[in-house]
Every structure is written in C-alpha cells, then in structure tokens.
Amino acid sequence: RFTQLLQTVLPQETTQRKGKMSETTTSSKTFLRGVVEGFYGRPWTMEQRKELFRREQKWGLNTYLYAPKDDYKHRTYWRELYTSEEAEQLITLISAAKEKDIEFIYAISPGLDITFSNPKEVAALKRKLSQVSEFGCRSFALLFDDIETEMCAADKEAFSSFADAQVAVTNQVFQHLQEPHAFLFCPTDYCATFCTPSVSQSSYLHTVGEKLLPGIDILWTGPKVVSKDISVESIEEVSRVLRRPPVIWDNIHANDYDPQRLFLGPFKNRPTELIPKLRGVLTNPNCEFEPNFVAVHTLGTWCKSSTGQKDVAMGKVMLFGSDYNPQEALRLALSEWLIEFGMADQPDVSRAGSGRPKREPSEEEPMQTDEYVPGPKENPLYTAEPLTLEDLTLLSELFYLPYEHGPTALAMLRELHWLRGNSHAAVVNCKTKEWRERAEHFDDMCAAVVRMFNRLSNVPNRTILYDLYNYICDIKSGVSLARAFVGSLGGHNPPPCQVINDDPEPWGFRGGLSGEFQRMLPCHGNRDLFHTPPASRVYTIRPCTPKDKVRPIYSWSALLTLKLKFISLLVDGQLSPSKYCDLVLEDEAGLCGFAFALTDAKTAMTKSQYPETMLRDFPSLMAIQIHPRVPDPSTAKHLICSVLSSLKESSSIGVFCEFRSSDKRMLDFLRTLGLLHVLKVDGLQAGLVLMGTKL
C-alpha cells in the first residue's frame, strides 16, 4: 500500500533517486527566500501550509522550511520513523509544495539527546532522513539550536569540542544524502550574542566555518535571537568566519515568546544591500497562520527590490521593481489582505456579515432578520460597518514590530502621557483649552480602535478573525480603560465596569501571575517601547539618616499637623519607621522629597482619629512630600513605589496619606502618578483629604 501511495502521489523519478541529481549544481545556488515554520506551539494545519505555498508562489518566494518544534518526530522523538499515515501526510505536503515550485526543506533537530560518537545514533539519523527522501524531499536541514552545550563523557573522549562533534555528524549526513538540492545547518551559536567572546573570536564558529563541507549552508538570526537591525557589516563579519554567506533565519515577526504580542508590521531594518551578500532569507513568523499575510507579503516585496535578487544559477543579478519602502510595502500587503477578509465582491456583508446565501424560513422558525422590517417607532436593525483599509492600517500600527510601535500607537501613548501629566489643567487654568482639545483627540483615537474592533468582529472570513480575536479584544479593553481614565480626569463619570480603583474587575489588572512576577523585578518597564522624556537632573533616593533634619522641608508648604508630628517623632528617634520605609529624595540642591511610612498607623496616634473600619482596610500610614522643583513624575513615582513595595513585604494590606484640601499641588501631583486615590471616609474633619491604595 505504501509503495502504491508513493507511485500515485509523486512523480516517478522521485521514488528512484539514486546518485546525484543532474540539476543539483544549479538548484543549490538559487537564492532561498521564503518561510520557516519553526516556532514553539501548535503547528499549522496541512491546509494552511498548502495555502502558504500558493501565497509564496504568487509573491515570488520559493522556499518552505519544515521545522515545527511541537512535531514530536522532528525534535523529541527524532529517531522514530514516520508511520504510513504520517508518511501520507508528508508526501502530500511535499507534492503540494512542488506543484507551486516551492523548495520543501525537511528539518530535524536531534540535539536534545543525540550521542554524536555513537555510530548507531548517526545511523538512526541517516535512516530517518532517507525515509523522508523517499517521500520526494530534495532538501534538508540539521538543527542544533536551543540545546545544552555540555557533551556527554563518550563525546568528550571522541571529539575535541562541541563544534567538532556537530560538524562530523553533519558532514556524514550530507554525504549520505548525496548532496541534496539544499542542506542547511543551524549552529548552537546562531546569533552574535551567543558567541564567546565575539563573532570574530568565536572558536565554535571558526570550527564550523573551517570544517563544515562547502556545500552546506549555515543559518544565522543576526545580532540577536530577534534582531532589530541586521547590517551589511555584521553579515560581512560572520561570512568571513563561516567562510560562506549565511541564510538568515529571521525572527522579526516571531511571537512564540510572548502570548500577548502579535506582529503585523512590515519587513524592515534589513537594507536591501544585504541581498547579494546572503544565501537566502527565511522568515519565522507569528504562530497564528492568518496574521502572517503581512510578514510574508512584505518579505516578498523586499526580495524583489531593485538592489537585486541574487540568482547565480542564471549567472546574473535579476532586478525587481523599485527600491524597497517598508511603509509602501505594508500598504500594498494590507490592501491585498483586505480582500482576504471577504470585504470585496461579497453578496451581503451587513448585519451579521456572514455573506451566506439566503434561504426561505420555515413556519416553525422565528422571524429571520432578512424578512424583518422595523416599524417607524421601533429600533432600527443593526448594520455591521464594512472593514476598511484604514482599519487594517490601524490594526497593523497597534501590533507593529518587537522593537517599535506603529505611528498611531505612539501618538496614543504620547497623548495619554501628556494628559495624565497635566491633569491639573483639566480644571480651569491657562492650559485648560489645550487639555480639553487633546483629550478630545485622544478620545477620537480610542473610538477608532473600538470601531475597528467592531468591524473586524463582523468580517465574513471568520478564520482570520479567530486568529486575531484574543489580540484585538485585549487592545480594545486596554484602550477602553485608558479612555475612561482620561474621561474621569476631565470630570466625566466612567461606566462602572471601567472604574479604576483598588477593587477593579479582573480586566482592570493585566498579566496574571507572569505579570506579577515581572512587576516585582527591578528591570520591569525599562524596555517599554514608549519612553517618557528623560529627567534633566540627577536624583538620589536613599534611606533617611539622623543628619536629615526636616526643617528645610517645612518651608515648602504648611504640612498637616499629624504629618509634622509623625515626622518629628521619626527624626527625634521617639518613633522608628518601618523597615525600608524611610526614604528621601535628593538632587544637587539638597533634599527635595521624602516618603516615610509606618506599617501600623495606630502607633502614631494617641487616640483614635479614624474609623476602625478604615484602619482595617488601610492599616499603614505614609507621609509624602515632593518639592515643586521636581518636574519629573517618574522620579517621585519610583520613590513612592519603593515604600509601597516595602509595606507590602511587611504584610500590610493598605496604606493612606493625609493632606489638607488646600494643598492642591500635591493632590494633583499624586493623582497624576495614579498610585493613590481619594478615600471616602465618613466623619472626616473638614478641610482634610485622605488618599490611599490597597496593597
């Protein structure tokens, strides 16, 4: 049965491949341009792969590298041969690629547990690839990425280095396959950051370059695993070490490392001058198949740039189109993608947007929308607005690239940062008009995101929608919360579900356990793609010492009596602050802020000044003051967050501060930081304001 399957599905010559193929010399020199299915997660389906081949052929690409990490016979159980049912799937896939003139490269990853010095292991590897060769596959890849570099005792006795072991086995397999059309090798040090001490001085790469047979090509991801830029100089450097131009395995659109991110921006930051210096470029894109329309399409446009596509087989450089422009390439890709959503030539994209043919209702069925006409006083029918190119452009800019947001996303972050930092202008003052205008502009941008979400939710092509839905739902939720926050600064009451307080709905705090781990790390937020303007002064945050007298601080404003007493007790040594809860802020001119706290506020009181119910929820007391000469909110935020973190580690569940209502500067400043909110306390003395937060 298996032999019959081979004969019926494949051209006859593919089952009789003995010796070298006559076309090998020329085919192996074709510039490889295409897609790697090499991510961690659920592999693509057979139908999705066939659709990929169709798109690759249409866009001028020619390669597909089969390397899904979760195909267990590709990696974990690499020794096991494919069953007849599995073989049938691969034969069909290889045949489908050939029909579209796509070079199918089968990759195998034995590095998790192979013993390089054991002949039986090498024989198992050869046997596995020989089986795939019988399926009609002409090209192969041996991958040693993401594995431990420590060799077993047997390999240490047989080889002088890890690189020697890998090269020896790779050369044997390459020769066993009798010089296939293409043969790729992925080194363990596959990017510059992995090389010790550098690319040019890496003994591992030098061994690979010197000893790997010249017919074997080497995969390289660039300066990093996910490279922001790949320069001509960096490729020239690694090419000298490897003694051949590399094939770029490009992770710029890969998202398997972060389930909250999707990349719909164009292929960019790779100058087209790279093309004649490379053996090929393969993109390893998003895990979700449909959103990769942009990544693959723009790669195709890049490969057709006027710098030239290397085609040694034809003995010349082929020129395609005009110079590559990422934004123009993106616009072209999105224009074609819009059609895939089913927004062109659809019979009916209104109402549910399904585009399905109409059918007559039966008597037992309720009235169908198609037959229902509302009366003059009834609600009009809901009509879904069609998705537009502007919507897809917005979508792309919200989910752009790993190292940069799109223009609209940056504009929204910039506006929100300004509105929050100037929230005092929401009330009447010289900046009120500007604040209101910018708040309206921000609201319009948020409304466009919600409108885009609604239109996407009603597109006829549900397959694309389902790949996008979790992402667009998440960004809609985040934008809606930001919109409500700005509205509240302007005096509007947000919907109850969007109120930002110390007891929010689950969608008001993001990230789950992973998010909590990240917020506890000292580097959290330092790689945000939107950066606040840098501080013009150098500040120091340090523990308070006996030399820090508070008299210079008193002159800033008339502090609350309790706060004065609290601070004086701290300074006089009659009361000790909680551990790590006595921090001061200092600049070149001297002290310019402080944050002191007690885990148990009752220790600072001679009698009960607040309701017991409030102290149960907010048992800790904090005194905060920031000098007006500190314009940078991030500095004050860091000071206060440090004390809040210490209180939380002391098992406090909440903290409050007390201010006079006349101290509008500090109240507005703290509202801007978003760390504390005004507490509603019955029976509070007139003229006092309590701010606090749950921990």
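Parameters at a glance
- Residues numbered from 1 in each chain as written.
- Predicted model: local features only at pLDDT ≥ 70, side-chain atom pairs only at ≥ 80, totals over all residues.
- Heavy atoms only, no water.
- Helix = DSSP H or I, 4+ residues; strand = E, 2+ residues; numbered from the N terminus.
- Buried < 20%, exposed > 50% of the residue type's maximum accessible area, 1.4 Å probe, protein only.
- Contact = heavy atoms within 4.5 Å.
- Areas by Shrake-Rupley, 256 points an atom, 1.4 Å probe, with all protein chains shown as cover.
- Expected span 1.5 Å × (residues − 1).
- Pairing = 2+ DSSP bridges.
- Axes fitted to C-alpha atoms, helices over the stretch in contact; angles between N-to-C directions.
- Parallel < 35°, antiparallel > 145°, perpendicular 65-115°, else oblique.
- Left-handed = near helix turned anticlockwise from the far one by under 90°.
- Nonpolar A, V, L, I, M, F, W, Y, C, P; charged D, E, K, R; others polar.
- Core = buried A, V, L, I, M, F, W, Y, C linked by side-chain atoms within 4.5 Å.
- Polar contact = N/O pair within 3.5 Å; in protein donor to acceptor, adjacent residues only side chain to side chain.

Asker: Go over the overall build of the protein, please, and point to the residues and values.
Answerer: Of the regular secondary structure elements, the protein holds 21 helices and 17 strands. When the 695 residues of the protein are sorted by exposure, 49% land in the buried category. Within the protein, residue pairs in contact and separated by at least 24 positions form 75% of the contacts whose partners lie at least 6 positions apart. Here the protein has roughly 33,900 Å² of accessible surface; of this, 53% comes from carbon and sulfur atoms.

Asker: Any chance you could break down helix α7 (residues 162–176) for me, citing the residues and the numbers?
Answerer: Along its 15 residues, α7 runs 22 Å from first to last C-alpha, staying within 8% of the 21 Å computed at 1.5 Å per residue. Among the 15 residues that make up α7, 11 are buried, leaving the element largely enclosed by the rest of the structure. For α7, the full list of buried residues reads F162, A163, D164, A165, Q166, V167, V169, T170, N171, V173 and F174. Against α5 (119–134), β4 (139–143), β5 (182–186) and α8 (203–211) lie the buried residues of α7. Within two residues after α7, Q178 carries a phi angle of roughly 55°, on the positive side.

Asker: Before we move on, could you go through the sheet that holds strand β7 (residues 247–250) and cite the residues and values that matter?
Answerer: Pairing in this closed barrel of 8 strands is parallel, and the strands run β1-β2-β3-β4-β5-β6-β7-β8 around the ring. For this sheet the average axis-to-axis angle between neighbouring strands, irrespective of direction, equals 25°. The sheet contact formed by strand β2 (residues 63–66) and strand β3 (residues 103–108) spans 4 bridges and is parallel. The residue of β3 that forms the bridge with L65 is I105. Of the strands in this sheet, β4 and β5 touch α7, which is tilted by about 165° from β5.

Asker: Outline the environment of D145, supporting the account with residue identities and numerical values.
Answerer: Looking at where D145 falls in the secondary structure, it is placed in the loop between β4 and α6 (153–158). Accessibility expressed as a relative area gives 5% for D145, which makes it buried. Separated by 44 residues in sequence, D145 and D189 have C-alpha atoms that sit 7.5 Å apart. In this structure, D145 is in contact with K69, R75, S109, C186, P187 and Y190, ignoring residues within four places of it in sequence.

Asker: I'd like a description of the sheet that holds strand β15 (residues 654–660), backed by residues and values.
Answerer: Strand pairing within a sheet occurs via backbone hydrogen bonds; the two strands may be parallel or antiparallel. With mixed pairing, 7 strands are arranged side by side in an open sheet as β11-β12-β13-β14-β15-β17-β16. Two strands close off the open sheet at either side, each with one partner strand: β11 (540–543) and β16 (677–678). The pairing of β11 with strand β12 (residues 582–587) spans 4 bridges and is antiparallel. Bridge assignment links I541 to a residue of β12, and that residue is L585. Sheet strands in contact with helix α20 (residues 633–649) are β11, β12, β13 (590–598), β14 (620–626), β15 and β17 (688–694), and its direction is about 165° off that of β14. Strands in contact with helix α21 (residues 664–673) are β14, β15, β16 and β17; relative to β14, the strand with the most contacts, it is inclined by about 110°.

Asker: Any chance you could break down the packing of helix α14 (residues 432–456) against helix α15 (residues 462–489) for me, citing the residues and the numbers?
Answerer: Two numbers describe how α14 lies on α15: the axes approach to 9 Å, and their chain directions differ by 155°. The angle between α14 and α15 places the two elements in the roughly antiparallel class. Of the two possible hands of crossing, α14 and α15 adopt the one that is left-handed. Along the contact surface, α14 presents W435, A439, F442, D443, C446, A447, V449, V450, F453 and L456, while α15 presents L465, L468, Y469, I472, C473, K476, V479, S480, A482, R483, V486 and L489. Among the residues forming the contact of α14 with α15, the class breakdown is 18 nonpolar, 1 polar and 3 charged.

Asker: Give a detailed account of the nonpolar core, specifying residues and quantitative values.
Answerer: Residues F104, Y106, W337, L395 and L468 are the most contacted members of the largest nonpolar core, which totals 123 residues. Once you skip the residues sitting within four places of it in the chain, L468 turns out to touch L262, L264, P291, W337, F341, L395 and L456. In terms of nonpolar packing, the next biggest core, distinct from the first, is built from 29 residues, C592, V630, L667 and V689 among them.

Asker: Just give me the short version of the side chain of R49, but keep the residues and values in it.
Answerer: In this structure, R49 sits in helix α3 (residues 46–58). There is a polar contact of 3.2 Å between the side chain of R49 and the backbone oxygen of W44. Here R49 is in contact with E37, P43, W44, Y64, Y66, P68 and L93, once residues within four sequence places are set aside.

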